[in-house]
Amino acid sequence: MPQVHTVSPASLDLRLPADLGVENASQLYGQLLAHVDDEQPVVLDAADVARVHTAALQLFCMFCQDRRNAGHETRWNHPSEALRSAAALLGVTTLLQLARENHA
């Protein structure tokens, strides 16, 4: 599941695994829930994501929306093409703010 790395005291980096299938949704939920109220920006590093299930995208949508509603910043670092394509297919690119994030 996501590995937590402190990039700096000002942000928290969560490196996402390559496989975000439905069988991993429960673990992903727990990891995201642990950081939903963090005041520092959370950076989701999605460079390695090769497989993403709708359940994972729903969790990301809830996480990003809850953080945004609380006034907390969430960013994507290097979202993979698999993640971008899945988000576009489900129409959640804007909600996840993937359109403006780092491409490589």
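This write-up is about the structure you can find in this document. Remember, it's a predicted structure, so these values are computed and weren't measured experimentally. (Residues numbered from 1 in each chain as written. Predicted model: local features only at pLDDT ≥ 70, side-chain atom pairs only at ≥ 80, totals over all residues. Heavy atoms only, no water.)

With that settled, the discussion passes to the overall build of the chain. Regarding its fold elements, the chain presents four helices and six strands. Along the chain, helices (α) and strands (β) appear in the sequence β-β-β-α-β-β-α-β-α-α when read from the amino end. Residues classed as buried in the chain amount to 44% of the 104 residues present. Looking at the chain as shown, the accessible area adds up to about 5,400 Å², and 51% of this sits on carbon and sulfur atoms. (Helix = DSSP H or I, 4+ residues; strand = E, 2+ residues; numbered from the N terminus. Buried < 20%, exposed > 50% of the residue type's maximum accessible area, 1.4 Å probe, protein only. Areas by Shrake-Rupley, 256 points an atom, 1.4 Å probe, with all protein chains shown as cover.)

Right, let's talk about the pattern of salt bridges for a bit. Pairing is possible between side chains of opposite charge, provided their charged atoms come close. If you walk through the whole model with that rule in mind, you get five salt bridges. Among the salt bridges present, the one from Asp48 reaches Arg15, with a minimum N-O distance of 3.3 Å. Of this pair, Asp48 sits in the loop between strand E4 (42-45) and strand E5 (51-52) while Arg15 is found in strand E2 (residues 11-15), placing the two residues 33 residues apart along the sequence. Bridged by salt links that share partners, the residues Arg15, Asp45 and Asp48 form one connected network. (Salt bridge = Lys/Arg side-chain N within 4 Å of Asp/Glu carboxyl O.)

Looking now at unusual backbone geometry. For His78, which is not a glycine, the phi torsion comes out positive at approximately 50°. Within the fold, His78 resides in the loop between strand E6 (74-77) and helix H3 (81-90).

Mapped onto the elements, Met62 comes out in helix H2 (residues 54-69). Considering only alpha carbons, one finds Met62 and Leu95, 33 residues apart in sequence, at a separation of 9.4 Å.

Turning our eyes to something else, we now look at the environment of Gln58. Mapped onto the elements, Gln58 comes out in helix H2. With a relative accessible area of 48%, Gln58 lands in the partly exposed category. With 38 residues separating them along the chain, Gln58 and Leu96 place their C-alpha atoms 10.0 Å apart.

Here we take up the nonpolar core. Leu44, Phe60, Trp76 and Leu96 are the most contacted members of the largest nonpolar core, which has 28 residues in total. Per-element accounting of this core gives the leading share, eight residues, to H2. (Core = buried A, V, L, I, M, F, W, Y, C linked by side-chain atoms within 4.5 Å.)

Nothing here speaks to function; it is geometry throughout.
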